[in-house]
Amino acid sequence: MPRRALRRALTAAATAVSALAVGLAAPSAHAATPLPYVALGDSYSAGSGVLPADLSAPLLCLRSELNYPGVVAERTGAALTDVTCGAAQTKHFTQAQYPGVPAQLDAVKSDTRLITLTIGGNDNNTFIGAMLACGTAGIATVGLGHPCKTLYGSTFDDQIDAHTYPDVKAALQKIRAKAPNARVAVLGYPWIMPATADSSCFVKMPIASGDVPYLRALQGHLNAVIGRAARETGATFVDFSKTSEGHDACAPSGTRWIEPLLFGTNVVPVHPNARGERAMAEQTVSALGLG
């Protein structure tokens, strides 16, 4: 072959190899693009009370490095923007919760593709109000009867129907408007109380025996309306009613997902421990088919 022709052939071959290398590399780089993920929500999302604390988060938000959004991001390789904050209510999606802590929806963009949240438990002070009311009543009767149910009846349930349900639904509609192409997972709250009273639990959760099913039913009602709001807005509801059974605050250490009011291991009581946050993440990944 003449020298000039040989040179042309070698040049053409080198060009082809370079083009092939670029062609092979391009899809790989595209596949490696992380999923834009925003985590919203309250203390159950923030992992409040689980150490170590996330020192990059606002101090008042009590965000943990081991919260379920962090585990979801680790399992999926998603690019996480975490704006979860302890004590958040639905109103804090659109307004500042604390000075220097902007509205959570500010983090959601049109190109966000994954959003997770727990919300609703702090609206109307449902969790705190009911726990304090029933705990105080339980101590007064030394764990006997159902003083909390007698005192409050359907009050908490009425507030859930009148305010929590429409507020959660409105919040989810706002999320959908900001990120129409995102997959949205709304997590329910894992069981705090067992189905029936356990006398050995009173020292850790001072709830009268007759009020244990009362509080359990209240939480079931809250989860039900959150699930309804999720379905009506095209979101995925992650239900823990079965998987968290037996992992409530009355369960032994090493088994429970929720730490008790007294003698627990969390800085913030009646919240998920690291095991609970991890379990919430795993079920969310499974529910979304991201595993």
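Look a little higher up for the structure.
Predicted model only: the values in this text are computed from it and were never measured.

> Explanation requested: the packing of aromatic side chains in the structure shown.
How two aromatic rings sit relative to each other is set out by the distance from centre to centre and by the angle between their planes. Counting across every chain of the model gives 4 aromatic pairs. Ring plane angle 80 degrees and centroid distance 5.1 Å describe the contact between Tyr 44 and Tyr 189, whose orientation is recorded as edge-to-face. One end of the pair, Tyr 44, is in helix α2 (residues 43-46); the other, Tyr 189, is in the loop between β4 (183-187) and α7 (212-232), and 145 residues separate them in sequence. Taking the relative accessible area as the measure of exposure, Tyr 189 reaches 2% and is therefore buried. Residues Phe 127 and Tyr 189 carry aromatic rings whose centres are separated by 4.9 Å and whose planes lie at 80 degrees to one another, so their mutual orientation is edge-to-face. Here Phe 127, found in helix α4 (residues 126-140), pairs with Tyr 189, found in the loop between β4 and α7; they are 62 residues apart in sequence, far enough to count as distant. Pair check on accessibility: Phe 127 and Tyr 189 agree, each one buried.

> Even after reading the chapter, I still don't get the layout of surface pockets, so can you show me in this structure?
One water molecule sets the probe size; rolling that probe over the atoms shows where empty space is left. Here the largest pocket defines a volume of roughly 430 Å³. If you go around the largest pocket, you meet 25 residues; those closest to its centre are Phe 127, Ile 128, Pro 269, Val 270 and His 271. Of all elements in the fold, only α2 and α4 reach the threshold of two or more residues within the lining of the largest pocket. What the second largest pocket holds in volume is close to 200 Å³. Around the second largest pocket, the lining is made up of 13 residues, and of these Ala 53, Asp 54, Leu 59, Leu 62 and Arg 63 lie nearest the centre. Its residues assigned to classes, the lining of the second largest pocket comprises 10 nonpolar, 1 polar and 2 charged.

> Which parts of the structure should I look at to understand the environment of Val 212?
In this structure, Val 212 sits in helix α7. Owing to a relative accessible area of 4%, Val 212 belongs among the buried residues under this scheme. C-alpha separation for the pair Val 212 and Asp 198, spaced 14 residues apart in sequence, amounts to 8.8 Å. Beyond its immediate chain neighbours, meaning those up to four positions away, Val 212 contacts Met 193, Pro 194, Thr 196, Ala 197 and Ile 207.

> Please clarify how unusual backbone geometry should be interpreted in this entry.
Backbone phi values are negative for most residues with the exception of glycine, while trans is the configuration of most peptide bonds. The amide bond that connects Leu 51 to the next residue, Pro 52, takes the cis arrangement and shows omega of 5 degrees. Assignment of secondary structure puts Pro 52 in the loop between α2 and α3 (68-76). In this structure, Phe 263 takes a positive phi of about 65 degrees despite not being glycine. Here Phe 263 is to be found in the loop between β5 (236-238) and α8 (274-288).

> Mind showing me how you'd approach the nonpolar core here?
Burial of nonpolar side chains together is a common tendency in soluble globular proteins. Among the nonpolar cores identified, the biggest contains 50 residues, and Leu 40, Ile 115, Leu 117, Leu 172, Ile 175 and Met 205 are the most heavily contacted of them. Breaking this core down by element, the ones donating at least two residues are β3 (114-117), α4, α6 (155-178), β4 and α7. Looking at which element gives the most residues to this core, the answer is α7, with 9 residues. If we ignore the near neighbours within four places in the chain, the residues touching Met 205 are Met 131, Ile 192, Met 193, Ala 249, Cys 250, Pro 260, Leu 261 and Val 270. By size, the runner-up hydrophobic cluster in this structure holds 18 residues, among which are Ala 39, Ala 78, Val 285 and Leu 288.

> Teacher, can you tell me more about the pairing of β3 here?
Remember that side chains alternate between the two faces of the sheet whenever the strand is regular. On β3, burial covers both faces: Leu 114 and Thr 116 on one face and Ile 115 and Leu 117 on the other are all buried. Here strand β1 (residues 36-39) runs beside β3; their pairing, made up of 3 bridges, is parallel. Looking across to β3, one finds that Ala 39 is bridged to Thr 116. Sheet analysis places β3 next to β4, joined by 4 bridges and oriented parallel. Along β4, the bridge assignment pairs Ile 115 with Val 184.

Parameters and conventions
Residues numbered from 1 in each chain as written. Predicted model: local features only at pLDDT ≥ 70, side-chain atom pairs only at ≥ 80, totals over all residues. Heavy atoms only, no water. Phe/Tyr/Trp six-rings, centres within 6.5 Å; stacked < 30°, edge-to-face > 60°. Helix = DSSP H or I, 4+ residues; strand = E, 2+ residues; numbered from the N terminus. Buried < 20%, exposed > 50% of the residue type's maximum accessible area, 1.4 Å probe, protein only. 1 Å grid on protein atoms, 1.4 Å probe; cavity = no way out; pocket = protein on both sides within 12 Å on 5 of 7 lines; lining within 4 Å. Points joined across faces, edges and corners; volume = space filled by probe spheres on them. Nonpolar A, V, L, I, M, F, W, Y, C, P; charged D, E, K, R; others polar. Contact = heavy atoms within 4.5 Å. Core = buried A, V, L, I, M, F, W, Y, C linked by side-chain atoms within 4.5 Å. Pairing = 2+ DSSP bridges.

Keep in mind these values describe shape, not function.
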